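# Structural overview for review
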Amino acid sequence: MKAMHDPVRVLQIAEKAVREAGALMKEKAGRPETVETKTNAHDLVTEVDRRCEELISGRIREAFPSDFVLGEETVARHGGIRAVLDAGIDHLWIADPIDGTTNFVAGIPFFCASLAYAYRGTIQVGVIYHPHLDELFTAVRNRGAFVNGQKLAVARTASLRDSILATGFPSGEFHRAVNARGLGQLIPKCRNIRTMGSAALHLAYVAAGRITGFWENNLNPWDLAAGALLVSEAGGRVTDTQGGPYTLAVSHVAATNGLIHEELLRHLREASATGLE
Ligand code: 2AM
Ligand code: CA
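The paragraphs below set out a description of the structure included in this document.

Running from amino to carboxyl end, helix α1 (residues 7–28) crosses helix α2 (residues 47–63) at an angle of 160 degrees, the nearest separation of the two axes being 9 Å. Overall, the two elements α1 and α2 adopt an arrangement that is roughly antiparallel. Relative to α2, the crossing made by α1 is right-handed. Along the contact surface, α1 presents Arg9, Ile13, Lys16, Ala17, Glu20, Ala21, Leu24, Met25 and Lys28, while α2 presents Val48, Arg51, Cys52, Leu55, Ile56, Arg59, Ile60 and Ala63. Residue classes in the contact of α1 with α2 are distributed as eleven nonpolar, no polar and six charged.

Listed below in structure tokens is the structure:
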């Protein structure tokens, strides 16, 4: 089927999938049975990540049997992210079964399931579910962003000085150092900084106006896809850390209320913290 799916139906399925995954991860938080490392000692995966991804993929398959799911725990089977993004897939779902696995393993209740639907490379629907607060963030392209049905808008803060920023430290040593330079540059310039361990929830919080802006380097499409749509539908701005447009291929990201965007990018450039130097 070539035409775009009805976004309302997509949203229904996506919501059901992330709520079910969220219930499972909440139940298992702090006590997964197996904790393994992936690319290095900082990059964790548990049987719950895999079960949640199977659950999400299963719900999508029941409703849309010929769609493709790009999921964090199964991407390697499909030749990696680049191969999937370059394949020209019409109906692509992008799933992070648990965003914030380090928190999940430690029992810190700040992790979520994140799921997006893209039609011909453009994200149309995004959902993020935070089970411990029972907050469901949803966005449909051109129809706004919501949390538990309440409309979201980004913060009105006009300067970095009055802003709360967030960033994170992904698993690779190189990009941890890059983000640390950004942190060093920005700490004296903003009201305060948070680093809570889930890129998807940071983006949802930018959309909700709780955080003014977020940046991070070396993320993957499943960390960003749903949250990027939430931020833009809530009136914010999402680019790469050089100011280029956000696409599914972007991994160094800046997402703000728009008003502080250029100021944030300028400081990241000054600190050589755009991930590309
Ligand atoms: P995860 O929990 O799904 O792995 C925190 O800085 C953010 O980085 C989280 O959203 C986390 O997502 C993500 N992250 C952790 N390891 C990563 C890796 N190897 N590559 C990209 N992102 C990663
Ligand atoms: Ca994950």
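Still more to cover.
Of all the six residues making up strand β7 (residues 135–140), six are buried; the element is thus mostly covered by neighbouring parts of the structure. Of the two faces of β7, the one carrying Glu135, Phe137 and Ala139 and the one carrying Leu136, Thr138 and Val140 are both buried. Summarising the sheet, strand β6 (residues 122–130) and β7 pair through six bridges and their orientation is antiparallel. Counted as the bridge partner of Gly126 is Ala139 from β7. Hairpin connection from β6 to β7: four residues lie between these consecutive antiparallel strands, with Asp134 at a positive phi of about 50 degrees. The sheet contact formed by β7 and strand β8 (residues 145–147) spans three bridges and is antiparallel.

Let us now look at helix α7 (residues 221–233). Helix length check: α7 (13 residues) gives 18 Å between terminal C-alpha atoms against 18 Å at 1.5 Å per residue, within 8%. When the local axis directions of α7 are compared, the greatest deviation, roughly 25 degrees, occurs at Gly227. Counting buried residues along α7, twelve of its 13 residues qualify, which places the element largely inside the surrounding structure. Inspection of α7 places Pro221, Trp222, Asp223, Leu224, Ala225, Ala226, Gly227, Ala228, Leu229, Leu230, Val231 and Glu233 among the buried residues, and these make up the whole buried set. Two residues or fewer past α7, Gly235 is found with a positive phi of approximately 95 degrees.

Spatially, the five strands line up as an open sheet ordered β11-β10-β12-β14-β13, and their pairing is mixed. Two strands close off the open sheet at either side, each with one partner strand: β11 (192–194) and β13 (237–240). Recorded for the sheet is a direction-independent mean angle of 20 degrees between the axes of neighbouring strands. Inspection of the sheet shows β13 paired to strand β14 (residues 253–256) by four bridges, in the antiparallel sense. Each bridged residue has a counterpart across the sheet, and for Val238 the counterpart in β14 is Ala255. Packed onto the sheet, helix α5 (residues 173–186) meets β10 (164–166), β11 and β12 (213–216) and runs at close to 150 degrees relative to β12.

At a minimum axis separation of 9 Å, α5 and helix α8 (residues 261–270) run at an interaxial angle of 120 degrees. In terms of orientation, α5 lies oblique with respect to α8. For α5 against α8, the interelement crossing comes out right-handed. Residues Gly182, Gln185 and Leu186 of α5 form the contact with α8, whose own contacting residues are Leu264, His267, Leu268 and Glu270. Of the residues assigned to the contact of α5 with α8, the class counts are three nonpolar, three polar and one charged.

As a further point, take the layout of surface pockets. Each pocket or cavity is described by its volume, and for the largest pocket that value is around 710 Å³. Contributing to the lining of the largest pocket are 29 residues, with Asp43, Phe169, Pro170, Ser171 and Asp223 lying nearest its centre. Breaking the lining of the largest pocket down by element, the ones donating at least two residues are β4 (91–99), α4 (101–106), α6 (199–207) and α7. Looking at the lining of the largest pocket residue by residue, the classes come out as seven nonpolar, 14 polar and eight charged. Shared between two domains, the lining of the largest pocket holds at least three residues of each, these being domain 1 (7–149) and domain 2 (160–270).

Rules of the game
- Residues numbered from 1 in each chain as written.
- Chains lettered and ligands numbered in written order.
- Predicted model: local features only at pLDDT ≥ 70, side-chain atom pairs only at ≥ 80, totals over all residues.
- Heavy atoms only, no water.
- Axes fitted to C-alpha atoms, helices over the stretch in contact; angles between N-to-C directions.
- Helix = DSSP H or I, 4+ residues; strand = E, 2+ residues; numbered from the N terminus.
- Parallel < 35°, antiparallel > 145°, perpendicular 65-115°, else oblique.
- Left-handed = near helix turned anticlockwise from the far one by under 90°.
- Contact = heavy atoms within 4.5 Å.
- Nonpolar A, V, L, I, M, F, W, Y, C, P; charged D, E, K, R; others polar.
- Buried < 20%, exposed > 50% of the residue type's maximum accessible area, 1.4 Å probe, protein only.
- Pairing = 2+ DSSP bridges.
- Expected span 1.5 Å × (residues − 1).
- Bend = angle between axes of the 7 residues up to and from the residue.
- 1 Å grid on protein atoms, 1.4 Å probe; cavity = no way out; pocket = protein on both sides within 12 Å on 5 of 7 lines; lining within 4 Å.
- Points joined across faces, edges and corners; volume = space filled by probe spheres on them.
- Domains from an automatic or database assignment.

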